[in-house]
Amino acid sequence: MSLERINPAELSPPTGFSHAVAATGSRLVFLAGQTALDGSGKVVGETLPEQFERALANLLTALAESGGAPAHLARVTVYAVDVAAYRGCAGELGRIWRRLAGRDYPAMAVIGVTRLWDDQALIELDGVAVLP
């Protein structure tokens, strides 16, 4: 398995993402959207960074149970109910990402949504991983 992160010099420098990821491997894992739900199904965390950390941890837990690691993530989509708040927290969210997932960034997008399944949820992450 290999993931090649592609960041063309003529595009703006990527910060916390890769412009493209080329993947070769033998197993694709499609990760369902994860919010800040705890084991009992309740949304935890009052702030966007707290919920981001829990949602990312939940995504990485599903990935690990599938036999993968953060470096296997080829694509992550972030759904945020407040994109301006997401941008305002970008530095803190980046530190959370690096602490939990490292510096091998997948191709990413942030999409603004009016709401998520649970009213209290501020953010949701889903992804695709390529495993050996």
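To start, this report covers the structure provided alongside it. By convention here, each chain's residues receive numbers from 1 onward along its written sequence. With the structure being a predicted model, the display of local features is reserved for residues of pLDDT at least 70 and the display and counting of side-chain atom pairs for 80 or more, all residues being used for whole-chain, interface and lining totals. Excluded from the side-chain calculations are hydrogens and water; all other atoms, namely the structure's heavy atoms, are used.

Some words on helix 1 (residues 48-65)
Given 3.6 residues per helical turn, the α-helix brings residues three or four places apart onto the same face. How we decide: We count a stretch as a helix when DSSP gives it H or I for four or more residues in a row; a strand needs E for two or more, and each element gets its number in order from the N terminus. Multiplying 1.5 Å by the residue count of a helix minus one yields the expected span of that helix. Exposure classes here rest on a 1.4 Å probe applied to the protein chains alone. A residue is buried below 20% of its type maximum, exposed above 50%, and partly exposed in between. When checking whether two residues touch, look at their non-hydrogen atoms; a contact exists if any pair is within 4.5 Å.
When the terminal C-alpha atoms of helix 1 are compared, their 25 Å separation across 18 residues agrees well with the 26 Å that a helix rising 1.5 Å per residue should span. Those residues of helix 1 lying buried are Leu48, Pro49, Gln51, Phe52, Ala55, Leu56, Asn58, Leu59, Leu60 and Leu63. Contacts made by the buried residues of helix 1 are with strand 3 (27-34), strand 4 (73-80), helix 2 (83-88), helix 3 (90-101) and strand 6 (123-131). Once helix 1 finishes, Gly67 follows within two positions and takes phi at roughly 95°, a positive value.

A word on the side chain of Thr77
Within the secondary structure, Thr77 is located in strand 4. Contact partners of Thr77, with chain neighbours within four places excluded, come to Ala109, Ile111, Glu124, Leu125 and Asp126.

Points about the packing of aromatic side chains
Condition: Only rings of Phe, Tyr and Trp enter the pairing, Trp through its six-membered ring, and a pair is recorded when the two centres are within 6.5 Å. The plane angle decides the type: under 30 degrees is stacked, over 60 is edge-to-face, the rest tilted.
What the rule picks out here adds up to one aromatic pair. Both rings, one in Phe52 and one in Tyr86, keep their centres 6.5 Å apart while their planes meet at 70°; by these two values the pair is edge-to-face. Note that Phe52 is positioned in helix 1 and Tyr86 in helix 2, a separation of 34 residues in sequence. Summarising the burial analysis for this pair, Phe52 and Tyr86 share the class buried.

Brief notes about the side chain of Glu124
Among the structural elements, Glu124 can be located in strand 6. The residues contacting Glu124, other than those within four sequence positions of it, are Gly33, Gln34, Thr35, Thr77, Val78, Tyr79 and Leu116.

As for the pattern of salt bridges
In plain terms, the rule: Should a side-chain nitrogen of Lys or Arg be within 4 Å of a carboxyl oxygen of Asp or Glu, the pair is scored as a salt bridge.
Under the counting rule described, the total for this entry stands at two salt bridges. Its salt-bridge partner being Glu53, residue Arg99 comes within 3.0 Å of it at the nearest N-O pair. With Arg99 in helix 3 and Glu53 in helix 1, this pair connects stretches of sequence that are 46 residues apart. Asp119 is the partner of Arg115 in a salt bridge, and the nearest nitrogen-oxygen pair spans 2.7 Å. Under the relative-accessibility criterion, Arg115 is labelled partly exposed at 46%.

Notes on the layout of surface pockets
What counts is decided by this rule: Here a cavity means grid points, on a 1 Å grid over the protein atoms only, where a 1.4 Å probe fits yet cannot get out; a pocket means an open set of points with protein on both sides within 12 Å along at least five of seven lines; lining residues are those with an atom within 4 Å of a point. Grid points are joined across faces, edges and corners, and a volume is the space filled by probe spheres set on the points. Each residue is assigned to one class: nonpolar for Ala, Val, Leu, Ile, Met, Phe, Trp, Tyr, Cys and Pro, charged for Asp, Glu, Lys and Arg, and polar for all the others, Gly among them.
In this structure, the largest pocket encloses a volume near 400 Å³. Along the walls of the largest pocket sit 16 residues, with Thr15, Gly16, Phe17, Tyr86 and Ala90 positioned nearest its centre. Elements that contribute at least two residues to the lining of the largest pocket include exactly helix 2, helix 3 and strand 5 (107-112). With six residues, the top contributor of residues to the lining of the largest pocket is helix 3. In terms of residue class, the lining of the largest pocket is built from 10 nonpolar, four polar and two charged.

Topic: the sheet that holds strand 6
Rules: For two strands to count as paired, DSSP must find a minimum of two bridges between them. In this analysis, axes come from line fits to C-alpha atoms, helices being fitted only over the stretch in contact, and the angle between any two N-to-C directions falls in the range 0 to 180 degrees.
An order of 3-6-4-5 is seen for the four strands of this open sheet, with the pairing classed as mixed. Of all the strands in the sheet, just strand 3 and strand 5 have a single pairing partner and so form its edges. With strand direction ignored, the average angle separating the axes of adjacent strands in the sheet is 10°. Direction of pairing for strand 3 relative to strand 6: antiparallel, over a ladder of six bridges. When the bridges of strand 6 are listed, Phe30 appears paired with Val128. Against the sheet, helix 1 makes contact with strand 3, strand 4 and strand 6, and its axis sits at roughly 30° relative to strand 6, the strand it touches most.

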